[in-house]
Amino acid sequence: MFEGIKAMAQGLGSTFHALGQPRDTIEYPEKRREYSPRFRGKHMLAKDGDGHELCVGCGLCEAVCPAHAIRVVAAEAEDGKAVSWTNRYAVDYEVDMIRCIFCGMCEEACPTNAVRLTPFNELAASDRLEMIADKEELLHPPVRK
Amino acid sequence: MIRLTIDGQEVTVPEGTMIVDAAARLGVDVPVYCYHQALGPLGACRMCLVQVEKMPKLVTGCTTAVTEGMVVHTKGGAVEKGRKGVLEFLLINHPLDCPVCDKGGECYLQDYTFEYGPGRGRFQEPKIQKVKNGPINDLVLIDQERCVLCQRCVRFMGDYVGEEQLLLEGRGVETVVTTVDHQPATSQFTGNVIDLCPVGALLSAPYYHKGRPWNIDRHSTVCPHCPVGCSSLATTRESHIIRLEGRPVPDRDWGWLCDRGRFGYDFGYHADRIADSWVKERATSAAQATRDVAEWMQQTNAQYGPGSIGFVMGGQFTAEEAHLIKKFAHDVAQSDNVAVMRNVRGYLPAALNGTFQDLTEADTVVFVGVDPYEAVPVVHLKLRDRLRHFSQLKVLGVGPRRLTRDTMPGRDYLVASQDEAVFFARALAAAAKDGPGVQTLVDSVRDYVLPVSDADIEAFGQALLDAEHLSLLWDGENAAMAEVLAVLAGLREKPTAVLPTFGPVNWRGYEQAGIDPRYDNVEELLNKTRTGEIRMLVLWGADLTRDLPDRQLAEQALAKADYVVSAQVVPPLDMPYIDALLPVATWGEVEGTYVNMEGRLSIGAAGVQPPGQARPTRTYVANWGRLFRQDFGLDDEWDPFDSAQGDLISRAGNNHGPAQAVPRPGTRDASQEWTIIEGDWVMENGMPSEILEPRETEFVARVSPEDAARLGIGEHGGYVEAQTAGGTVMIGVQADPAIVERTLWIPRGSRHDWAQHLEGLVKLTRPEEVPSV
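Moving on, we come to the overall build of chain B. The helix and strand tally for chain B stands at 21 helices and 33 strands. Since a compact globule built from 773 residues should have a radius of gyration of about 28 Å, the 28 Å found for chain B is in line with a globular shape. Over its C-alpha atoms, taken along the principal directions, chain B stretches across nearly 85 × 65 × 65 Å. Counting all 773 residues of chain B, 60% fall into the buried class. In chain B, the share of contacts with a sequence separation of at least 24, taken over all contacts with a separation of at least 6, comes to 73%. Side-chain charges in chain B split into 74 positive and 105 negative, and the spacing between the mean points of these groups amounts to 4 Å.

In structure tokens:
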């Protein structure tokens, strides 16, 4: 019986010890964890200083993607209505966030540094279609609250 | 034969072979830009440098012919250094814009730089800027910065096609490829320079920025626009055909396409494409249309008995689909009235049908009523190829207009279409009096007056008989020619080949499927319809009003039939008579066999989904079979391929009976000032194309330059008023030096309605008011 009391005291001892320690649990969503700036989350499409898209729709990201999550459709811009910095631009740029494995190969393949993986990782939706990020969505990367 | 060693391997090749070709035999890849087997050696790009023992410097493999005992090294330090240097020079002014270049991923400059090139260039100076995306014409773009000056395009257009529309301009690093006088290139074959260009300099305008090698699929298919049936590759992306490329077949075909075929793939997406089912001029569901048609068929059969439904095949269907229609007609609709739509009366038995091999071996070529440049353009290129290797090629044209041209020079015999057979028969009679069947042939036309002198007729007959290898191209206009050709083939001991250039494109395939493609057959079917024996017409791609030479018969048959069902891709001219218009899947949407003018079977793959309600033939017949409560159309027991024959159809069965006399042509009405002649022209084959719109002209009819001057028609054509028996119509006309005076040429099977209303043409006059285009 003495053995039992000892073990219980030991257990309670570590409990009371832990009560005084700082907590590992983060009270999400009120509080959020810090991520490394190199964390690979949701994609974004960057623009240059003049507001032109960097993406020229070359499709290399599409070619390199191991999960076939990217679809790019390119087109020629009308005269005087340049979308990107050259006459070719991406009309459609879609990333299927369900398929994406966040390997970052698209970012690595991009010759114009247009595709970047942001640290944003709050990917949830009640509809599968909502998980396909279109170009508009990728051009306006979400900011973490 | 010469023996030499390449990279330690011995190879034996014929004399005159270039090192690169000898290496290719061993599977040794020597990088090349400027050299192309069809175009010959040039040595402009210096990419193919190889080391030959006992030669002090590296030599170009594409211009050095092999010699006995030669020892060649395509690898090793010296060669690698040479290639690195060449590539570094080629890339000095290259913009390195691969991400925006359409060729990216299928570019030899990329591939060779990756494999043999230097890691980086040492050139620091700014690159020379040149024209980017400038036009060669509306279909081909040129990016002069990317050009490596291999001159393949210039040589192709100048030497091979014979229409010098591209040239090199400027000197040194400023040299650029451009068009003559900076005017758009107008040749029929400009699209081939896209395939020929080893880098991203020449680009297809409709494919511009549309696809990348990794997001497209390539389906090997057959071009459906003319009876040549060029082997090609259809590029599809997301169930859309976005490009057509030539597909070379080793030892047989270089993979050239004409612009009509290369850029005319979009008829399936044209705004005119029928995508809805129409019953009694009202759009309805596919299921309802199928039910209605089945009900009509049952009703007709119940009321008038078996054989009261007539089926006419036309369009660009596959042989398998023709077989399904034939089988459905026989098994379910209880009718053997199945015919092939024809727009000319001639028919060629398979025994006389030559192959394209006969063109590459011919020493005499005769065009009977057909100008291959317009009707079957790639045949013209094949003949140009022959002319390059055999400059004595004798070209003879027999027809109502000049059929030879600057790029295919020869002698023309101008005789009316109806006199062609008489001309041939008389020529044979003059040259071989005692030949079998010759006297019978000319029996009734001995004293018929021809516009050609007797000496010329005899010379022509002699040329036919003396030819070592005679090839004839025949447009099928004059039906009596079949008889003459059979006698001619019997007279000659040396090879004689005839290539029919008439349509529909897959008529040989329909014949293989068991449908009689003779004109008599379709004529008989329509006569039965006119007399009321056949009560219902099912037109599978056929457009009677447009195609049938006897327009009156077509209209009467259509008007008399109780029900006319028409399965079409684009609205036919029969439209006012049609009770049910069914949208049907077409080329590119159905896999099947096409048989071309040389009787060769090839498979056209299916790459895309048909739009809207369009269904393949199989779906229609299977559904009708179900509605008739007959199990039908689900088993594939028929295969047009016969393993004993390979991919050529059987030439056996020339049980040609005794020769028959050529009928005496009816006398022409001398009071008529104008003669109307028809000819095949691929641009006007009835298939609409948005891409080719800049190439299309409103002025499709043609008159001689003298008549054009008289009518006040400008350089690019103009409108004239044609006064005919039935009233006045406005037609677009242009001048063509191939047309003789007082003759109006119109394209056969034109989509233009007026082309059907020119009977009894009295005169052409300059219109008072010119309609705006």
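Here we take up the domain arrangement of chain B. The extent of an interface is frequently quoted as the accessible surface area lost upon association of the parts. All names here are of chain B. Per the domain assignment, the segments making up chain B are domain 1 (2-75), domain 2 (127-233 + 245-269), domain 3 (277-343 + 506-634), domain 4 (350-500) and domain 5 (675-765). One C-alpha centre belongs to domain 2, the other to domain 4, and the line joining them spans 34 Å. Counting from both sides, the interface comprises 20 residues of domain 2 and, opposite them, 15 residues of domain 4. Carbon and sulfur atoms supply 63% of the area buried between domain 2 and domain 4, which totals about 1,400 Å² over both sides. In this assembly, domain 2 and domain 4 are joined by one salt bridge. One salt bridge connects Lys382 with Asp253, and the closest N-O pair in it is separated by 3.3 Å. Our count for the domain 2 to domain 4 interface comes out at eight residue pairs in polar contact (both at pLDDT 80 or more).

Residue and element names in this part refer to chain B. Applying the stated rule across the entire model yields 27 aromatic pairs over all chains. Geometrically, the ring pair formed by Tyr112 and Tyr116 is tilted, given 5.9 Å between the ring centres and 45° between the ring planes. With Tyr112 and Tyr116 both in helix α3 (residues 108-116), this residue pair falls four residues apart, about one helical turn. Centre to centre, the rings of Trp681 and Trp745 are 6.2 Å apart; their planes meet at 65°, and the pair counts as edge-to-face. Here Trp681, found in the loop between β28 (675-679) and β29 (701-703), pairs with Trp745, found in strand β32 (residues 743-747); they are 64 residues apart in sequence, far enough to count as distant. An aromatic cluster is present here, built from Phe311, Phe317, Phe328, Trp540, Tyr620, Trp624 and Phe628 joined pairwise through their rings. For Arg83, the ring lying beneath its charged end belongs to Tyr116, and the centroid distance is 4.6 Å.

Our focus in this paragraph is the interface of chain A and chain B. Facing 16 residues of chain A, the contacting portion of chain B comprises 11 residues. Roughly 1,100 Å² is buried in total at the junction of chain A and chain B, and carbon and sulfur atoms are behind 51% of that figure. Here chain A and chain B share three salt bridges between them. Between Arg237 of chain B and Glu62 of chain A there is a salt bridge, and its shortest N-O distance comes to 3.4 Å. Our enumeration of links across chain A and chain B arrives at nine residue pairs in polar contact (both at pLDDT 80 or more). At the level of elements, α2 (60-64) and β2 (70-76) of chain A are the ones that each hand at least two residues to the side of chain A that touches chain B. Looking at which element gives the most residues to the side of chain A that touches chain B, the answer is β2 of chain A, with six residues.

Turning our attention to the nonpolar core. Core analysis: the largest hydrophobic core is formed by 214 residues, its most contacted members being Phe156, Phe424, Trp540 and Leu744 of chain B. Counting 25 residues, the second-largest nonpolar core is a separate cluster that includes Ala46, Cys65, Cys110 and Ala114 of chain A.

All names here are of chain B. Tracing the sequence through the fold places His225 in the loop between β11 (217-222) and β12 (231-236). Assessed through its relative accessible area of 6%, His225 is described here as buried. A polar atom in the side chain of His225 sits 2.8 Å from the backbone oxygen of Gly264. For His225, the contacting residues outside a window of four places in its chain are Arg260, Gly261, Gly264, Tyr265, Phe267, Val505, Val682, Asn685 and Met687.

Bringing the pattern of salt bridges into the picture now. All names here are of chain B. Counting across every chain of the model gives 53 salt bridges over all chains. Close ionic contact of Glu106 with Arg218 constitutes a salt bridge, the shortest N to O distance being 2.6 Å. With Glu106 in the loop between α2 (77-90) and α3 and Arg218 in strand β11, this residue pair connects regions lying 112 residues apart in the sequence. A salt bridge links Arg600 to Glu598; its shortest N-O distance comes to 2.9 Å. The exposure class of Glu598 is buried, given its relative accessible area of 3%.

On average, residues of chain A score 91 in pLDDT, and 99% of them are at 70 or above. Element-level mean pLDDT values for chain A span from 93 in helix α1 (residues 2-19) of chain A up to 95 in helix α3 (residues 105-109) of chain A.

Let us now look at the sheet that holds strand β5 (residues 132-133) of chain A. Spatially, the three strands line up as an open sheet ordered β2-β3-β5 (chain A), and their pairing is antiparallel. Across the chains shown, the open sheet's two edge strands, defined by having one partner strand only, are β2 and β5 of chain A.

Moving on, we get to a nonpolar patch on the surface. Residues and elements named next belong to chain A. On the surface, Met8, Leu12, Phe16 and Leu19 cluster together into a nonpolar patch covering about 470 Å² of accessible area. Summarising the element assignment, Leu12 is placed in helix α1. The exposure class of Leu12 is partly exposed, given its relative accessible area of 42%.

Rules used in this analysis
Residues numbered from 1 in each chain as written. Chains lettered and ligands numbered in written order. Predicted model: local features only at pLDDT ≥ 70, side-chain atom pairs only at ≥ 80, totals over all residues. Heavy atoms only, no water. Helix = DSSP H or I, 4+ residues; strand = E, 2+ residues; numbered from the N terminus. Rg over C-alpha atoms; globule rule 2.2 N^0.38 Å. Buried < 20%, exposed > 50% of the residue type's maximum accessible area, 1.4 Å probe, protein only. Contact = heavy atoms within 4.5 Å. Lys, Arg positive; Asp, Glu negative; His and termini not counted. Charge placed at Lys NZ, Arg CZ, Asp CG, Glu CD. Domains from an automatic or database assignment. Buried area = accessible area lost by both parts, 1.4 Å probe. Salt bridge = Lys/Arg side-chain N within 4 Å of Asp/Glu carboxyl O. Polar contact = N/O pair within 3.5 Å; in protein donor to acceptor, adjacent residues only side chain to side chain. Phe/Tyr/Trp six-rings, centres within 6.5 Å; stacked < 30°, edge-to-face > 60°. Lys NZ or Arg CZ within 6 Å of the ring centre and 35° of its normal. Core = buried A, V, L, I, M, F, W, Y, C linked by side-chain atoms within 4.5 Å. pLDDT = per-residue confidence, 0-100. Pairing = 2+ DSSP bridges. Patch = residues over 30% accessible without salt bridge, like charges linked within 9 Å, V, L, I, M, F, W, Y side chains within 5 Å. Areas by Shrake-Rupley, 256 points an atom, 1.4 Å probe, with all protein chains shown as cover.

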